[in-house]
Amino acid sequence: MQASLRLAGELGPDRLTTATVARNVGLTQPAIFRHFATKQDLWDAITDYIGKTMEAGWAEAAQCNGTPAQRLRCLVAVQLRLIQSTPAIPAILFSRELHSRNVALRKALFGLMRRFGGLVARCIAQARDVGEFRDDLDPDDAALLIIGLIQGLALRWSLSGRAFGLAKEGGRLLDIQLRGFAPLPATTTRNRRPR
């Protein structure tokens, strides 16, 4: 799995072949097929590995102490660190060719994204309920904005040749995003001049 993910990140997921994986780990291609009967089985195992790794990270973030907004920051930081440590993840997520040929992979990754979105929305709802975020903030819409921030940042990071710290830049941009979710200050009419 590690070799497959590393190669998918280096070569691109569309160029990942069982022959390349076999060469990289010092096996023959038939030996790879003893572990994975088909290339689809290899992709299923990669997807399962990514899912378990993400869910372990999300469970770690759930243990973060603090306010709901702080737990949200932990959740996003864990996701960004995972992407930074496994560059194949954005390559797989953004591979149109792979998705069009591999419906099972696309559905599995979409399911992971929905589960992550649900966790983000839950943190946002809790933060809204305790007054950290605006009363009129829709948690599902706000979660989509945060997922968009992560995906856009991951794409920029990948296109830049991984030229910046993904988790650090993500934390900075998340802070800006969360300021937009903050309760609006109460307006007073005392300080306004009559017209």
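Residues numbered from 1 in each chain as written. Predicted model: local features only at pLDDT ≥ 70, side-chain atom pairs only at ≥ 80, totals over all residues. Heavy atoms only, no water.

Colleague: Looking at this structure, how should I read the UniProt feature "DNA-binding region" (unreviewed entry) in the protein chain?
Modeller: Feature annotation in UniProt places "DNA-binding region" (unreviewed entry) on residues 17-36, given in this structure's numbering. Across residues 17-36, the secondary structure splits into 75% helix and 0% strand, with the terminal C-alpha atoms separated by 12 Å. (UniProt positions renumbered as here; feature names shortened; annotations may be inferred. Helix = DSSP H or I, 4+ residues; strand = E, 2+ residues; numbered from the N terminus.)

Colleague: Sorry if this is basic, but what is going on with the side chain of Ser 4 here?
Modeller: With respect to the element layout, Ser 4 can be found in helix H1 (residues 2-11). In this structure Ser 4 comes out as buried when scored by relative accessible area, which is 2%. With residues near it in sequence (within four places) discarded, Ser 4 still touches Leu 16, Val 21, Leu 42 and Ile 46. (Buried < 20%, exposed > 50% of the residue type's maximum accessible area, 1.4 Å probe, protein only. Contact = heavy atoms within 4.5 Å.)

Colleague: Help me understand the nonpolar core, please; the structure alone is not making it clear to me.
Modeller: As a rule of thumb, soluble globular proteins bury nonpolar side chains together. Formed by 49 residues in total, the largest nonpolar core has its most connected members in Leu 72, Ile 92, Ile 124, Phe 133 and Ile 146. Put simply, the parts of the chain that give this core at least two residues each are H1, helix H2 (18-25), helix H4 (39-62), helix H5 (68-85), helix H6 (88-93), helix H8 (103-129), helix H9 (139-159) and helix H10 (166-181). It is H8 that contributes the most residues to this core, nine residues altogether. (Core = buried A, V, L, I, M, F, W, Y, C linked by side-chain atoms within 4.5 Å.)

Colleague: Is there a simple way to think about H2 in this case?
Modeller: Helical geometry note: an α-helix holds 3.6 residues per turn, so side chains three or four residues apart project in the same direction. Three or more residues of H2 are buried, namely Thr 18, Thr 20, Val 21 and Ala 22. Lining the buried residues of H2 we find H1, helix H3 (29-35) and H4. Two residues or fewer past H2, Gly 26 is found with a positive phi of approximately 80°.

Colleague: Would you mind showing me how to read empty space enclosed by the protein here?
Modeller: Think of a ball as big as a water molecule: rolled over the atoms, this probe shows where empty space is left. One pass over the full model with this rule turns up one cavity of 30 Å³ or more. The space that makes up the largest cavity amounts to roughly 200 Å³. Taken together, 16 residues make up the lining of the largest cavity; nearest its centre are Met 54, Gln 79, Leu 93, Met 113 and Gln 151. In terms of residue class, the lining of the largest cavity is built from 14 nonpolar, two polar and no charged. (1 Å grid on protein atoms, 1.4 Å probe; cavity = no way out; pocket = protein on both sides within 12 Å on 5 of 7 lines; lining within 4 Å. Points joined across faces, edges and corners; volume = space filled by probe spheres on them. Nonpolar A, V, L, I, M, F, W, Y, C, P; charged D, E, K, R; others polar.)

Colleague: How should I be thinking about the state of the cysteines in this particular structure?
Modeller: In protein chemistry, a disulfide is the covalent bond that joins the sulfur atoms of two cysteines. Counted according to the given criterion, the structure contains one disulfide. Between Cys 64 and Cys 74 runs a disulfide, and the two sulfur atoms are separated by 2.1 Å. Residue Cys 64 is located in the loop between H4 and H5, and its partner Cys 74 is located in helix H5; the two are separated by ten residues in the primary sequence. Judged by relative accessible area, Cys 74 falls into the partly exposed class, the value being 23%. (Disulfide = S-S within 2.5 Å.)

Colleague: How should I be thinking about the pattern of salt bridges in this particular structure?
Modeller: A complete count under the given rule lists nine salt bridges for this structure. When the shortest N-O distance is used, the salt bridge between Asp 48 and Lys 52 registers 3.2 Å. You can see Asp 48 and its partner Lys 52 sitting in helix H4, four residues apart, about one turn around the helix. What makes Asp 48 partly exposed here is its relative accessible area of 41%. A salt bridge links Arg 128 to Asp 129; its shortest N-O distance comes to 3.4 Å. Accessibility expressed as a relative area gives 58% for Asp 129, which makes it exposed. Here the residues in one salt-bridge network are Arg 156, Glu 169 and Arg 172, joined through shared partners. (Salt bridge = Lys/Arg side-chain N within 4 Å of Asp/Glu carboxyl O.)

Colleague: Where do I start with the confidence of the model for the protein chain in this structure?
Modeller: Parts of the prediction with low pLDDT should not have their coordinates interpreted in detail. Of the residues in the protein chain, 95% reach a pLDDT of 70 or more, and the chain-wide mean stands at 89. Of all secondary-structure elements in the protein chain, the lowest mean pLDDT belongs to helix H7 (residues 96-101), at 74, while H10 reaches the highest, 96. This model gives residues 188-193 a pLDDT under 50, and the stretch forms one contact once residues within four places in sequence are excluded. (pLDDT = per-residue confidence, 0-100.)

Colleague: How should the side chain of Thr 47 be read in this particular structure?
Modeller: Tracing the backbone shows Thr 47 in helix H4. Within the structure, the side chain of Thr 47 is placed 2.8 Å from the backbone oxygen of Trp 43, a separation counted as a polar contact. Excluding anything up to four places from it in sequence, Thr 47 contacts Leu 105, Ala 108 and Leu 109. (Polar contact = N/O pair within 3.5 Å; in protein donor to acceptor, adjacent residues only side chain to side chain.)

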